[in-house]
Amino acid sequence: MRIRAGDHRDSGILLDLLDEAVAWLARQGRTGQWGTRPWSQRPEAAARIRGMAEREEPWIAEADGVPAGGLVLSGQPPAYVAPAGEPEVYVQLLVTSRAHAGQGIGRALLDHARDRARARGVGLLRVDCYRGGDGKLVDYYTRAGFTPTEAFEHNGWPGQVLAQRL
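Residues numbered from 1 in each chain as written. Predicted model: local features only at pLDDT ≥ 70, side-chain atom pairs only at ≥ 80, totals over all residues. Heavy atoms only, no water.

A. Looking closely at the sheet that holds strand E1 (residues 2-5). Read from one edge to the other, the open sheet built from seven strands follows the order E1-E2-E3-E4-E5-E7-E6, with strand pairing classed as mixed. Unpaired on one side and paired on the other, E1 and strand E6 (147-154) mark the two borders of the sheet. Adjacent strand axes in the sheet meet at a mean angle of 25 degrees, parallel and antiparallel pairs treated alike. Both strand E5 (residues 124-130) and strand E7 (residues 157-165) contribute to a ladder of seven bridges, which runs antiparallel. (Pairing = 2+ DSSP bridges. Helix = DSSP H or I, 4+ residues; strand = E, 2+ residues; numbered from the N terminus. Axes fitted to C-alpha atoms, helices over the stretch in contact; angles between N-to-C directions.)

Structure, rendered in C-alpha cells:
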C-alpha cells in the first residue's frame, strides 16, 4: 500500500469511496450515519468534498495502484465543532474501500495523520464521527488510540469528537 498526496482532482475518488460506504452501510440497514443516497448525487455533499479537496490536505491510499482509502486533514475542525484552543490537526474525512476491508487501510491513514501532525510540531489530533447506531465507529477510533471528548448534535445527526495527544 502507498499513501500519496492528493489534490482537487481526487475529489472524484473521495466521492466514489463515500458512495461505496453509503451503499455498504445501507445494505446492512445502517442508514443513520449517511442515509441511503450516494454523496455524489447530493449537490451539497459533493460540493463539500470538492471544497475539502481544494482547500484542505487530501491523501489517497492505494493498494496495487487502486484507490483503497482517503483522508483529509485540516488545521481546524469543521464549523459544527468548537476549535481546540491550541494548534491541532483535524481529520476532516477518513473513508476506506470495503474491497480492502481488514487490510489496515484506515489505521495506516490515521498513522499518516499522526506523522503529518508531528511533522508540523502539533501535539493534538482530533476527529469526529457518527455517535449513533451501534457505536461501532466511536469504538473504532477508541481502539485506534483516540479518547472521546465531547458529544454533539448537528442538524439531528449525533456526533462524537475524539482526541489524541501525540
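B. Spotlight on the nonpolar core. If you look at the biggest cluster of nonpolar residues, it comprises 23 residues, and the most contacted ones within it are Leu-71, Val-91, Tyr-141 and Phe-146. Sorting the residues of this core by element identifies strand E2 (57-63), strand E3 (66-74), strand E4 (89-96), helix H3 (105-119), E5 and helix H4 (136-143) as the ones contributing at least two each. A total of five residues in this core trace back to one element, the largest contributor, which is H3. Trp-39, Met-52, Ile-60 and Val-95 belong to the second-largest nonpolar core, a separate cluster that totals 17 residues. (Core = buried A, V, L, I, M, F, W, Y, C linked by side-chain atoms within 4.5 Å. Buried < 20%, exposed > 50% of the residue type's maximum accessible area, 1.4 Å probe, protein only.)

These figures come from the coordinates and say nothing about function on their own.
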